[in-house]
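# Coordinates in review
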Amino acid sequence: MRPILTLPVLLGFALLPALSLLLTVQQGGVLALLSVGQVFEPRALPALAALAPPANSTYGYDGQFYAQIALDPTLSDPALVPAIDNVAYRARRIALPALAWLLGAGQSAWVIHAYALLNTVFWLLLAVCLLRHVHWQLNLRSLALLVACLWTAGTLVSLERALTDLPAAALGVLAVTWLARSRGLPWLLSLAALTKETSMLSVVAAWQQRRYGGALWQLPLILFVPVGLWFLFLMVRFGSEGASSGFGNFTWPGQTILAKLQLELPALMARLPEPADFRAWPGFVAEALETVALLSLIVQSVFLLTHRRWQDPVWGLGIGFALMLWVLGPAVMVEYQAYTRVLLPLTLAFNLLLWARGRGSDWIWWVFGNLGLSVAAVMLLLRLPPLLGN
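A brief structural summary. (Residues numbered from 1 in each chain as written. Predicted model: local features only at pLDDT ≥ 70, side-chain atom pairs only at ≥ 80, totals over all residues. Heavy atoms only, no water.)

## Focus on the nonpolar core
Core analysis: the largest hydrophobic core is formed by 118 residues, its most contacted members being Leu34, Leu130 and Leu304. Considering every element that reaches this core, the biggest residue donor is helix H8 (residues 108–133), with 13 residues. When neighbours within four sequence positions are excluded, Leu34 is seen to be in contact with Leu48, Tyr61, Gly63, Gln64, Ala67, Ile112, Tyr115, Ala116 and Ala162. (Core = buried A, V, L, I, M, F, W, Y, C linked by side-chain atoms within 4.5 Å. Buried < 20%, exposed > 50% of the residue type's maximum accessible area, 1.4 Å probe, protein only. Helix = DSSP H or I, 4+ residues; strand = E, 2+ residues; numbered from the N terminus. Contact = heavy atoms within 4.5 Å.)

## Some words on the side chain of Ser142
Relative to the helices and strands, Ser142 is located in helix H9 (residues 140–150). Engagement of the side chain of Ser142 in a polar contact is seen with the backbone nitrogen of Asn139, the distance being 2.8 Å. (Polar contact = N/O pair within 3.5 Å; in protein donor to acceptor, adjacent residues only side chain to side chain.)

## Some remarks on the side chain of Asp362
Within the secondary structure layout, Asp362 lies in the loop between helix H19 (344–357) and helix H20 (363–370). On the basis of relative accessible area, Asp362 is assigned to the buried category, the value being 4%. With near-sequence residues (within four places) excluded, Asp362 lies in contact with Leu354 and Arg357.

## Topic: a nonpolar patch on the surface
Taken together, Leu221, Val225, Leu229, Leu232 and Val236 make up a surface patch of nonpolar side chains, about 470 Å² in accessible area. Note on placement: Leu221 falls in helix H13 (residues 218–238). For Leu221, a relative accessible area of 43% puts it in the partly exposed group. (Patch = residues over 30% accessible without salt bridge, like charges linked within 9 Å, V, L, I, M, F, W, Y side chains within 5 Å. Areas by Shrake-Rupley, 256 points an atom, 1.4 Å probe, with all protein chains shown as cover. Salt bridge = Lys/Arg side-chain N within 4 Å of Asp/Glu carboxyl O.)

## Side note on helix H10 (residues 153–161)
Helical geometry note: an α-helix holds 3.6 residues per turn, so side chains three or four residues apart project in the same direction. H10 sits mainly inside the fold: 9 of its 9 residues count as buried. Here H10 has its buried residues at Ala153, Gly154, Thr155, Leu156, Val157, Ser158, Leu159, Glu160 and Arg161. Directly after H10, the chain includes Ala162, whose backbone phi takes a positive value near 55 degrees.

## Describing the packing of aromatic side chains
One pass over the structure, following the stated rule, counts 7 aromatic pairs. Residues Phe13 and Trp151 carry aromatic rings whose centres are separated by 5.6 Å and whose planes lie at 55 degrees to one another, so their mutual orientation is tilted. In this pair, Phe13 sits in helix H1 (residues 6–13) while Trp151 sits in the loop between H9 and H10, placing the two residues 138 residues apart along the sequence. Ring geometry for Trp310 versus Trp315: centroids 4.9 Å apart, planes at 65 degrees, classification edge-to-face. An aromatic cluster is present here, built from Phe303, Phe350 and Trp365 joined pairwise through their rings. Directly above the aromatic system of Tyr61 lies the positively charged group of Arg161, at a separation of 4.4 Å from the ring centroid. (Phe/Tyr/Trp six-rings, centres within 6.5 Å; stacked < 30°, edge-to-face > 60°. Lys NZ or Arg CZ within 6 Å of the ring centre and 35° of its normal.)

## Points about the environment of Leu145
Here Leu145 lies in helix H9. According to the relative accessible area criterion, Leu145 is buried, its value standing at 2%. Spatially, the C-alpha atoms of Leu145 and Trp366 are 9.1 Å apart, while their sequence positions differ by 221 residues. Non-local contacts of Leu145, meaning those with residues more than four positions away in its chain, are made with Leu130, Val134, Asn351, Leu352 and Trp355.

## Considerations on the pattern of salt bridges
For the structure on display, the rule yields 10 salt bridges. For Glu197, the salt bridge is made with Arg93, and the minimal N-O distance between the two is 2.8 Å. Residue Glu197 is found in the loop between helix H12 (184–195) and H13, and its partner Arg93 is found in the loop between helix H6 (87–90) and helix H7 (95–103); the two are separated by 104 residues along the sequence. Given the relative accessible area of 10%, Glu197 is considered buried. With a shortest N-O distance of 2.7 Å, Lys260 and Glu264 are connected by a salt bridge. You can see Lys260 and its partner Glu264 sitting in helix H14 (residues 255–270), 4 residues apart, about one turn around the helix. We classify Lys260 as buried; its relative accessible area is 10%.

Next up, the structure:
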């Protein structure tokens, strides 16, 4: 495929994300993407409250907190503490709010709207990275890669809730594709870690930099010092608050996965509809995919763990997340909207590796590794009939 066809391809793959954004925006405009909660609405910063974002749920979601950090990325406003559930913890992910502040030129309304829409920009960045990686060639393998990365649950959830997961993962993919043989790779991974701190798990991706002029001792400095200095600033600014936040998201290896499957699989089989009950089947399939999503991530993890490629930065991007899957705690594993986006770098690395291998037998890996992660797309399509009815 020639580059001139890039725009039609992008438009085609943008249909599902555009539908996701449309269904969210029709609940109250662009600021509905922030998912402001009714509990936190009275405590919101005046600049956000003045825009009257819709509060369509009790607690909302994390995007509402990052948007308020974007109003003051220096964290000097004392009103941030009551406005945000855990400001020291949320502020670890400073890169995206800071970027929104720059794009909005410090003007509150512009900053908030910029933050709400930044995931769309990073979705486009990821799409262009993938198209360039497949040399602008549209065939069955490259289509499979684009579908699995651009329409996967973690991508769509981050997009429609204005989170930091997709931007951090997109930066990681940019690092291991465009900058794979460049000294810029560890710097971009460091920026990804300031977007979401779990990106530090991709440190293995920078291992090969010693072959391209980067001294081995420089890698930890580039990757960890900027993040460490920012964390130190947060400790000085807020004391020990938030320093240990997030550790409760982890548990003993396999404990949460086993408990979740033991609970969900029997319950799912008990709700199996009658074959002739056609109205019940779409909802059951969507519910089943929520369980299969975890199984698909297990397949991805097993693939990376059994196909080790230490010199491949793409493998390095995902292997830390392949290990993290097994120690995630109940707070993350409670819903697919959480664990699929947290493990998005695993999904992206898995599919990039399958594309690079190009073996016919890899289709079995692709199907089982991505089947459950279509849950967000299926849920999205199930929301269409009521919209069309209106």
